[in-house]
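Architecture at a glance
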Amino acid sequence: SWDKTVAVWKQEMEGQPWRQVSTIAVAGKVESLAWSVTGSILAVSFGDGETSLYKETYDGRFEEMGKCGEQGYTELAKPGGGSPAQATFDAPPMMGGDEPMGGQAP
């Protein structure tokens, strides 16, 4: 929502009541969100063109695992993982306007 939080709700079984299982504090006003096909990753996009990716941990919390923006994807290290602070992957090169290289606008 625009209060910079995302509430995650869960329904144990169809017909049962929904219950809030987590609240995620985010960096900006939430513009949209989407779940991965498997339901394991939540993408939250903000008004500044950034998207953060969250994954549910074994204890039900949500941990930010990466960010996407115009500059590409940045994978965030797991806390205490001993790996580099982040790994960055460049966005695909763009041709002409907004279409990816090799692609055509509809």
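It is worth spelling out the pairing of strand 6 (residues 62-69) at this point. Taken together, the six bridges between strand 5 (residues 51-56) and strand 6 define a ladder with antiparallel strand orientation. Paired with Ser-52 across the two strands is Lys-67, which belongs to strand 6. Alignment of strand 6 against strand 7 (residues 72-76), held across four bridges, turns out to be antiparallel. Residue Gly-69 lies in a different strand from strand 7, and its bridge partner there is Gly-72. A loop of two residues connects strand 6 with strand 7, the two strands running antiparallel in sequence.

Turning our eyes to something else, we now look at the pattern of salt bridges. Evaluation of the coordinates by the stated rule reveals three salt bridges. Glu-12 is the partner of Arg-19 in a salt bridge, and the nearest nitrogen-oxygen pair spans 2.8 Å. Between Asp-59 and Arg-61 there is a salt bridge whose closest N-O contact spans 3.1 Å. Taking relative accessible area as the criterion, Asp-59 reaches 42% and is therefore assigned partly exposed.

The rules behind the values
- Residues numbered from 1 in each chain as written.
- Predicted model: local features only at pLDDT ≥ 70, side-chain atom pairs only at ≥ 80, totals over all residues.
- Heavy atoms only, no water.
- Pairing = 2+ DSSP bridges.
- Helix = DSSP H or I, 4+ residues; strand = E, 2+ residues; numbered from the N terminus.
- Salt bridge = Lys/Arg side-chain N within 4 Å of Asp/Glu carboxyl O.
- Buried < 20%, exposed > 50% of the residue type's maximum accessible area, 1.4 Å probe, protein only.

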